Amino acid sequence: MELLAPEPVSAGHIYAVTGAILTALGFYAFIVRRHALRQLLAVNVVGAGVFLILGGLGRGPDAIDPMPQALVITGIVVAVALTAFGAAMIVRLAEAPRSPDQGKAGKPDA
Amino acid sequence: MNLLGLLVAVPLGFMVAALLLRGSGRWLILAAAPVMAGLALWLALLPPGTTLLVGNWDLPLGILLRADGVARLMVLAGALVIGAIGLHALVDPPGGNDGGAATAETFWPLLYLMWAGANAGFLTTDLFNLYVTLEMVSLAAVALAAMGSLAAALRYFMIAMLGSLAYLLGVALLVANYNTVDVTLLAQVARLDLATVMALGLMTAGLLIKAALFPMHGWLPPAHAAAPAPASALLSAIAVKLGFVILLRLWFEAFPAITGSAALHVLGGLGAAAVIYGSIQAMRQDRLKPLVAYSTVAQVGYLFLAFPLVAGAVEPSSAWAGMTLHGVAHMLAKAAMFLAAGLMLKAAAGDRIADLGGLAQAMPLTVTAFGLAAVSLMGLPPSGGFTAKFLLLSAAIEQGAFLYAGVLVVGGLLAAVYLFRALSACFAPLAGAGPDTASRGPVTGGVKAVAPLALAGLAIVMGFAGTALVDVSAIEVPWATPTVIQPEVAP
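Position numbers for residues count from 1 along each chain, tracking the sequence in the order it is written. As they are written, the chains are lettered A onward and the ligands numbered 1 onward, keeping that order. Totals for whole chains, interfaces and linings use all residues, but because this is a predicted model, local features are given only for residues with pLDDT of at least 70 and pairs of side-chain atoms are given and counted only at 80 or more. Only hydrogens and water are removed before side-chain values are computed, so all heavy atoms of the structure are retained for them.

A.B. asks: Looking at this model, I keep getting lost on the packing of aromatic side chains. Mind explaining?
C.D. replies: What characterises a pair of aromatic rings is the spacing of the ring centres plus the angle enclosed by the ring planes. Residue and element names in this part refer to chain B. Only Phe, Tyr and Trp rings are paired, with Trp represented by its six-membered ring, and only when their centres lie within 6.5 Å; those with planes under 30 degrees apart are stacked, over 60 edge-to-face, the remainder tilted. One pass over the structure, following the stated rule, counts 14 aromatic pairs over all chains. Seen from their ring centres, Tyr 112 and Trp 115 are 6.5 Å apart, and the 5° between their planes marks the pair as stacked. Of this pair, Tyr 112 and Trp 115 both sit in helix α4 (residues 104-123), separated by three residues, roughly a single helical turn. As far as burial versus exposure is concerned, Tyr 112 and Trp 115 are alike and both buried. Relative to Trp 219, the ring of Tyr 156 has its centre 4.1 Å away and its plane inclined at 5°; by these criteria the two rings are stacked. Separated by 63 residues along the polypeptide, Tyr 156 in helix α6 (residues 150-178) and Trp 219 in the loop between α8 (194-211) and α9 (220-226) bring together distant segments of the chain. Judged on exposure class, the residue Tyr 156 and its partner Trp 219 are both buried. Among the aromatic residues, those joined into a cluster by ring pairs are Phe 244, Trp 251, Phe 252, Phe 304, Phe 307 and Trp 320. Lysine NZ or arginine CZ positioned within 6 Å of the ring centre and within 35 degrees of the ring normal marks a charge as sitting over the ring. Here the basic side chain of Lys 389 rests over the ring of Tyr 302, its NZ or CZ set 4.6 Å away from the ring centre. In DSSP terms, a helix is any run of H or I states spanning at least four residues, a strand is any run of E spanning at least two, and both are numbered starting from the N terminus. Per-residue accessibility, obtained with a 1.4 Å probe over protein chains only, is compared with the maximum for each type, and a residue is labelled buried under 20%, exposed over 50%, and partly exposed between these values.

Following this line, the structure appears as structure tokens:
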């Protein structure tokens, strides 16, 4: 309830609302898309949205609070590292010789 | 840097050393296992409540490491389990099987990364730092799963990343609302409002994915079943537990005043469903490793089934101990079972349960380890699993929560059904089509069976150390005083 208190809309709120929209879009794409690369991109859109929310809502009324900024930077570093890792796995999987378990990831392979 | 810092820094140091030494890095475990066991034992002997402010930054900004009951118990059990798994991997190297995605060399840095991440996660009270440790452990877990099946690992990676971001979104809402992410500070200022409820919901959903609670367990069986045995043991014993411990921090330390009994019963209900569903799925498997993996789904259910029992107890310390001891007993028993299963499958003709015939004669020590681990998982006395289930069962009966009590009993029976099926297959006479017994001779070499046997033995011995462990696991938190649970207030 407090979140929606009738204060004037600040720049922080615009960032946060944009972030919420991005998060929803990314989540939708994650559910709808089946290809691993698209899912990775979708997760990154969600990540961008979350960072915008974190930075936008963390802005104080006048001064900029350094803590959310520090959290966002750490979060971006983690996200970049994981995206590189995920992309590397997707490349590996694409290069791997066609094995029976490919295309049906739901089944544990023997 | 004091002991708490060392518990995180030392495994990271070993990780870097293992990366630099490449092939010969595997010998590092001979130093790492005793050093980490010593540090963890030291931690367990420290007075509860020992803390470290990393870098001496004060609290709203700094990161607090704290040795409370859960942290001491989990770090100690983790050190024993990871150390034993590492020593086992030294004598039985985890080669990547069909995927060919990774070699035994990559196993070691991942083991140390998971060790550091898990220790940091068990010790820290900073929710954002917990996000980082979650990612450390997930990264190691996905890479370990990729040693078996890339496809299963990629699926695990995607769902785990979504879970992390849900958790991070919750952290963002808490930062905006309270301007702090420290559990101990949040406990003092937490109030019931929309943002907090949303944050708690998002974080819980993300963590339930990581902890693989039904119905978010889908990624677990393929990933855990396909990985090489030491990797499976790490995944089931350690990776899944971190999500659970963070949920404990959130639900019982930071927001005990907000979590209504309805929400607690949702978690408890999911846990009960996980026990039944995981057990039935385990019964339906005809291959050994998926059976053990589905057993993890069922055993995770008990951890969450305990949530409403702890919150509803007049004297919560025994239910609390039951919950945490169950986590530790599962760590020991499941690691032992995966290691034993790996050895058994290497000796057997195939990966089906029916192929296990004759193994009881060929490798009695390994089958004994599997059997002892099964005793603890079923909750037969005397074992750690029995002590934990007994504490939970008596809490459930005391509160008149007969549904949970029934699930506890039925879950034990179902576990007996699927685990005895695997065990009895080992005692069956050798199938005619199997390889001749001579080819199984070398596998009986005792050294390989030592680690699973030691872990399973510890799971049994826990049954005799009951009250001492109850004392170690005890923590001081607001809910320890009665009448904390408030009725859910409609927002």
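After presenting the structure, the write-up continues.
A.B. asks: Got a minute to help me understand the domain arrangement of chain B in this structure?
C.D. replies: Quoted interface sizes are often the accessible area lost when the parts come together. Residues and elements named next belong to chain B. Segmentation of chain B into domains returns domain 1 (1-259) and domain 2 (260-479). For the domains described, the bounds stem from an automatic or database domain assignment. Computed from C-alpha coordinates alone, the two centres of domain 1 and domain 2 are separated by 21 Å. Any two residues having at least one pair of non-hydrogen atoms within 4.5 Å are treated as being in contact. In this complex, domain 1 contributes 48 residues to the contact, which on the side of domain 2 involves 53 residues. Buried area is understood as the total, over both parts, of accessible area removed when two parts are fitted together, assessed with a 1.4 Å probe. Between domain 1 and domain 2, the buried area comes to about 4200 Å², and carbon and sulfur atoms account for 82% of it. Looking at the side of domain 1 facing domain 2, the largest losses of area belong to Leu 73, Phe 214 and Phe 252, adding up to 17% of the total buried there. When a carboxyl oxygen of Asp or Glu is within 4 Å of a side-chain nitrogen of Lys or Arg, the pair counts as a salt bridge. For the interface between domain 1 and domain 2, the tally reads one salt bridge. The salt bridge partner of Lys 346 is Asp 92, with a shortest N-O separation of 2.6 Å. Under this definition, polar contacts are N or O atom pairs within 3.5 Å; protein pairs additionally need one hydrogen-donor-capable and one acceptor-capable atom, and for neighbouring residues in sequence, both atoms have to be side-chain atoms. Remark: the boundary between domain 1 and domain 2 carries seven residue pairs in polar contact (both at pLDDT 80 or more). When contributions to the side of domain 1 that touches domain 2 are tallied by element, the ones reaching two or more residues are α3 (69-91), α8, α9 and α10 (229-254). Take the side of domain 1 that touches domain 2: its biggest share by element is 15 residues, from α10. As a working rule, the residues Ala, Val, Leu, Ile, Met, Phe, Trp, Tyr, Cys and Pro are called nonpolar, Asp, Glu, Lys and Arg charged, and the rest polar, with Gly in that last group. Residues of the side of domain 1 that touches domain 2, tallied by class, amount to 34 nonpolar, nine polar and five charged.

A.B. asks: Honestly, empty space enclosed by the protein in this entry has me stumped. Any pointers?
C.D. replies: If a probe the size of a water molecule is rolled over the atoms, the empty space left behind becomes visible. Residue and element names in this part refer to chain B. In this analysis the probe radius is 1.4 Å and the grid spacing 1 Å, with only protein atoms considered; a cavity is a set of points the probe fits into but cannot get out of, a pocket is an open set with protein on both sides within 12 Å along at least five of seven lines, and lining residues have an atom within 4 Å of a point. Grid points are joined across faces, edges and corners, and a volume is the space filled by probe spheres set on the points. Evaluated as defined, the whole model comprises four cavities of 30 Å³ or more. A volume near 80 Å³ is recorded for the largest cavity. Around the largest cavity, the lining residues are Leu 134, Val 137, Ser 138, Tyr 156, Ala 160, Ile 209, Lys 210, Trp 219, Ala 239, Leu 242 and Gly 243. Secondary structure elements with two or more residues in the lining of the largest cavity: α5 (127-146), α6, α8 and α10. Classifying every residue of the lining of the largest cavity by side-chain character gives eight nonpolar, two polar and one charged.

A.B. asks: I keep staring at the packing of helix α2 (residues 36-57) of chain A against α6(B) and nothing clicks. Help me out?
C.D. replies: Axes, fitted as lines to C-alpha atoms, cover a helix only where it is in contact. Angles between the N-to-C directions of the axes lie from 0 to 180 degrees. Where α2(A) meets α6(B), the axes come as close as 9 Å, and the angle between the chain directions of the two elements is 10°. When the axes of α2(A) and α6(B) are compared, the pair comes out roughly parallel. Taken together, the residues of α6(B) that come into contact with α2(A) (itself represented by A:Ala36, A:Gln39, A:Leu40, A:Val43, A:Val46, A:Gly47, A:Val50, A:Phe51, A:Ile53, A:Leu54 and A:Leu57) are B:Leu154, B:Phe157, B:Met158, B:Met161, B:Leu165, B:Leu168, B:Leu169, B:Ala172, B:Leu173, B:Val175 and B:Ala176. Residues belonging to the contact of α2(A) with α6(B) are distributed by class as follows: 20 nonpolar, two polar and no charged. Should an angle lie under 35 degrees it is considered roughly parallel, over 145 roughly antiparallel, and from 65 to 115 roughly perpendicular; all remaining angles are considered oblique.

A.B. asks: Would you mind going over the nonpolar core with me for this structure?
C.D. replies: Across soluble globular proteins, you tend to see nonpolar side chains buried next to one another. Residues and elements named next belong to chain B. One finds Tyr 112, Leu 127, Phe 304 and Phe 307 to be the most contacted residues of the largest nonpolar core, which totals 217 residues. There are two domains that each give this core at least three residues, and those are domain 1 (1-259) and domain 2 (260-479). When sequence neighbours within four positions are dropped, the list of residues in contact with Leu 127 reads Tyr 167, Val 171, Leu 174, Val 181, Val 183, Leu 186, Met 203 and Leu 250. Put simply, a nonpolar core is a bunch of buried Ala, Val, Leu, Ile, Met, Phe, Trp, Tyr and Cys residues held in one set by side-chain atoms that sit within 4.5 Å of each other.

A.B. asks: Would you take a moment to explain the interface of chain A and chain B for this structure?
C.D. replies: If you look at the interface, chain A gives 40 residues, while chain B gives 43 residues. Between chain A and chain B, roughly 3700 Å² of surface is buried when both sides are summed, and carbon and sulfur atoms account for 81% of that area. It is helix α3 (residues 66-95) of chain A that contributes the most residues to the side of chain A that touches chain B, 15 residues altogether. The residue inventory of the side of chain A that touches chain B, partitioned by class, reads 26 nonpolar, eight polar and six charged.

A.B. asks: Before we go on, may I ask you to explain helix α12 (residues 288-312) of chain B in this structure?
C.D. replies: Residue and element names in this part refer to chain B. An ideal rise of 1.5 Å per residue puts 36 Å on 25 residues; α12 measures up with 38 Å between its terminal C-alpha atoms. One axis fitted to the seven residues ending at a residue, another fitted to the seven starting there: the angle between these axes is the bend at that residue. The largest bend along α12 reaches roughly 25° and is located at Ala 306, with the proline Pro 308 sitting one to four residues downstream. Counting buried residues in α12 gives 24 out of 25 residues, a clear majority hidden from the surface. In this analysis, the expected span of each helix is defined as 1.5 Å times one less than the number of residues it contains.

A.B. asks: Just to check I follow, could you spell out helix α16 (residues 384-398) of chain B for this structure?
C.D. replies: Quick reminder: α-helices carry 3.6 residues per turn. Residues three or four places apart thus point the same way. Residue and element names in this part refer to chain B. Taking 1.5 Å as the rise per residue, α16 with 15 residues should run 21 Å; its terminal C-alpha atoms sit 21 Å apart, in good agreement. All of the buried residues along α16 are Gly 384, Gly 385, Thr 387, Ala 388, Lys 389, Leu 391, Leu 392, Ala 395 and Ala 396. Positive phi shows up at Gly 400, right after α16, with a value of about 70°.

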